[in-house]
Amino acid sequence: MAAVNAYVKGLKTVAQIIAAATTVVGAVGSLKDSVQPVLDSEEGKEVADKAKGAIAGIADKAASARDSFFDSRRAKKEERDLARALKQAQQTVLVNASRSVPVKEYFKLRDGGREAAAVVSSGLFDSPGCFAIATYSKFDFDNDLTDYTGVYVGAGANVGEAIDLACSRSGNPDVYADVKYEQNVHLYLYPCTLGELENKRSALCDLLQADQSYNASSDEE
């Protein structure tokens, strides 16, 4: 992925990054262990509480944060710390997706035989959910899931239909081109309730910086 710009919409402090991550996947694994002190701080508690109901509102609260960094050395260190925290949160969210498959395998599941039909009918793809579609370098199969070259975040009451649309000619043009020309495209799935849909999609979009990537070219955003 291109160099991380930590000063993105809604994510101006480590606590806000963690609040967004826990909105998507909950407090899990190394994320929970490494950021628990942040979550336990007064700022962490305040941000986490607000994130439950309105991730989008974080941006308004933190709009003036960057202006407060009058010390240039402190500002650079803060930005490096935020970049590291953001990368860790991105990795945690991608690793802990409910299902993670190459897009080629996803279409086999959607279009295949009895076994594939059982997976679809299990409710994983025909229920509400959010998803991320990330494109990697052609021969990039390492464990760093954050080094994607492009990413799109979407959601739908029927997540399978939303994924199909995003990958189609009528959907996101960047995703469609990557799928059509058989690039190294990977799908990450996050089922949720209808009531959680928008908050989770917004948090995932902020964390993966999708508005600076493939979502920027989407008519749906």
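These numbers were taken from a predicted model, which means no experiment stands behind them.

Undergrad: Where do I start with the packing of aromatic side chains in this structure?
TA: Ring pairs (aromatic) are described by centroid distance and by the angle formed between their planes. Here the structure, examined in full by the defined rule, presents three aromatic pairs. When the ring of Tyr136 is compared with that of Tyr148, the centres are 6.4 Å apart and the planes differ by 75 degrees; the resulting orientation is edge-to-face. Taken together, the residues span a long stretch of sequence, with Tyr136 in strand β2 (residues 129–136) and Tyr148 in the loop between β2 and β3 (150–156) at a distance of twelve residues.

Undergrad: Explanation requested: the pairing of β3 in the structure shown.
TA: Two faces, one strand: in a regular strand the side chains alternate between the faces of the sheet. Judged by how many residues are buried, β3 sits mostly within the fold: six of seven residues are covered. In the sheet, β2 pairs with β3 via seven bridges, with the strands oriented antiparallel. Along β3, the bridge assignment pairs Ile133 with Tyr152.

Undergrad: Would you take a moment to explain the packing of helix α6 (residues 103–111) against helix α8 (residues 159–166) for this structure?
TA: Pairs of packed helices are described in terms of their axes, by the angle between the two and the distance that separates them. Where α6 contacts α8, the two axes come as close as 12 Å, and the packing angle between them is 125 degrees. By the angle between their axes, α6 is oblique relative to α8. Classified by chirality, the crossing of α8 by α6 is left-handed. Facing Tyr106, Phe107 and Arg110 of α6, the residues of α8 in contact are Gly160, Glu161, Ile163 and Asp164. By residue class, the composition of the contact of α6 with α8 is three nonpolar, one polar and three charged.

Undergrad: Which parts of the structure should I look at to understand the pairing of strand β4 (residues 184–191)?
TA: Summarising burial for β4: seven of the eight residues are buried, a large majority. With four bridges joining them, strand β1 (residues 99–102) and β4 adopt antiparallel strand pairing. Directly across from Val101, in β4, lies its bridge partner Leu187. Of the pairings in the sheet, the one linking β2 to β4 comprises eight bridges and is antiparallel in character. Its bridge partner lying in β4, Tyr136 is registered against Asn184.

Quick notes on the rules
- Residues numbered from 1 in each chain as written.
- Predicted model: local features only at pLDDT ≥ 70, side-chain atom pairs only at ≥ 80, totals over all residues.
- Heavy atoms only, no water.
- Phe/Tyr/Trp six-rings, centres within 6.5 Å; stacked < 30°, edge-to-face > 60°.
- Helix = DSSP H or I, 4+ residues; strand = E, 2+ residues; numbered from the N terminus.
- Buried < 20%, exposed > 50% of the residue type's maximum accessible area, 1.4 Å probe, protein only.
- Pairing = 2+ DSSP bridges.
- Axes fitted to C-alpha atoms, helices over the stretch in contact; angles between N-to-C directions.
- Parallel < 35°, antiparallel > 145°, perpendicular 65-115°, else oblique.
- Left-handed = near helix turned anticlockwise from the far one by under 90°.
- Contact = heavy atoms within 4.5 Å.
- Nonpolar A, V, L, I, M, F, W, Y, C, P; charged D, E, K, R; others polar.

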